[in-house]
Amino acid sequence: MSFRLVETDGIELFVSEKLETAGAVHAFTTRVGGVSGGDYASLNLRVNCEDSRENVEKNYEILAKALGFSIDDVVMSRQVHGKLVRRADTGEGLFSSDRPDADAVISDRPLALFVFVADCVPILLYDRATGAAAAVHAGWRGTALDIVGAAVERMAEEYGTRARDIVAAIGPHICCGCFECGGEVGDAMTERYGADVARFLVKKGGKVHPDLGLINMYALARAGVPERNIDLCDECTRCTPKLFWSHRLTGDRRGVQGAVILPGRDAK
């Protein structure tokens, strides 16, 4: 793993050294820092929840200052655990009432592309040649639909991105040991990726434990992204409640972590 935890302005963020070397401004947030309290303490980025609008806005302002973007340039989607990839050309701000359905967003403009997780897999993609980028939300359903492969394909269509130029970072997510599922999840993975994916499906007591990080890494490699260009974080959101919110651990009354990337900066 070539991720490191950095502290800035009182917040703690994970940064991929591979993305950093490629020139991508990005972060995988934790719950540390910020102004929210209670179940949402403290760097909650979840809008439209019981946390106050003022707290959420202040949390984004802290993050924006740390990374160098404007909250007016934030782009986020209504995540539906599907395969929809959307292109963003303008910022949308924080509290739009009309978010498009999508689980991945791409752009080559100087925006702040966000996805949100509380156990699912956040993936950031950066094209070293063009500066185009993507933020991808991959739950087990999105993983079984190959949402990250769809994002790579859409970047090629919109920006001429070559898979070999992509640097990818797979951020903190629920680990294989914590993610117990029924057999239908393993069946869905096998149907999508074939028998090779069996090595990422651990079976215990009649249950399946998918390794979502490794499956998405496999999907990226299958899409043509060189394995040497892929960073995989081994931090588990459920195992580390001091750093992360986990839906499996606490249910829906919680905040969310964000993964954010700024396209079009210093492509190398």
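The structure this text deals with has already been given above.
Attention in this report is confined to the structure presented alongside it.

The rules behind each value
- Residues numbered from 1 in each chain as written.
- Predicted model: local features only at pLDDT ≥ 70, side-chain atom pairs only at ≥ 80, totals over all residues.
- Heavy atoms only, no water.
- Helix = DSSP H or I, 4+ residues; strand = E, 2+ residues; numbered from the N terminus.
- Buried < 20%, exposed > 50% of the residue type's maximum accessible area, 1.4 Å probe, protein only.
- Axes fitted to C-alpha atoms, helices over the stretch in contact; angles between N-to-C directions.
- Parallel < 35°, antiparallel > 145°, perpendicular 65-115°, else oblique.
- Contact = heavy atoms within 4.5 Å.
- Nonpolar A, V, L, I, M, F, W, Y, C, P; charged D, E, K, R; others polar.
- Salt bridge = Lys/Arg side-chain N within 4 Å of Asp/Glu carboxyl O.

Glycine aside, residues mostly have negative phi angles, and peptide bonds mostly take the trans form. The linkage connecting Ala 41 with the following residue, Ser 42, adopts the cis geometry, with an omega of 0°. Looking at where Ser 42 falls in the secondary structure, it is placed in the loop between strand 3 (25–29) and helix 2 (53–67). You will see that His 81, though not glycine, has its phi angle at about 60°, which is positive. With respect to the helices, strands and loops of the structure, His 81 is situated in the loop between strand 4 (74–75) and strand 5 (85–87). Judged by relative accessible area, His 81 falls into the partly exposed class, the value being 34%. Even without a glycine there, the phi angle at Asp 119 is positive, about 145°. Structurally, Asp 119 can be placed in the loop between strand 7 (112–117) and strand 8 (121–127).

Moving on, we get to the packing of helix 5 (residues 183–193) against helix 6 (residues 212–222). Look at helix 5 against helix 6: their axes get within 12 Å of each other, and the N-to-C directions meet at 10°. By the angle between their directions, the pair helix 5 and helix 6 is classed as roughly parallel. Of the residues in helix 6, those touching helix 5 at Met 189, Arg 192 and Tyr 193 are Leu 212, Ile 215, Tyr 218, Ala 219 and Arg 222. Broken down by class, the residue content of the contact of helix 5 with helix 6 amounts to six nonpolar, no polar and two charged.

Taken as a whole and assessed by the stated rule, the structure comprises 14 salt bridges. Arg 46 is paired through a salt bridge with Asp 252; the nearest N and O atoms lie 3.1 Å apart. You can see Arg 46 sitting in the loop between strand 3 and helix 2 and its partner Asp 252 sitting in the loop between helix 7 (247–250) and strand 14 (257–262), a full 206 residues away along the chain. Judged by relative accessible area, Arg 46 falls into the buried class, the value being 19%. Here Arg 222 ties to Asp 146 by a salt bridge, and the two come within 3.5 Å at their closest N and O atoms. Of this pair, Arg 222 sits in helix 6 while Asp 146 sits in the loop between helix 3 (140–144) and helix 4 (147–159), placing them 76 residues apart in sequence. Using a relative accessible area of 44% as the deciding quantity, one classes Arg 222 as partly exposed. With relative accessibility at 11%, the residue Asp 146 sits in the buried group.

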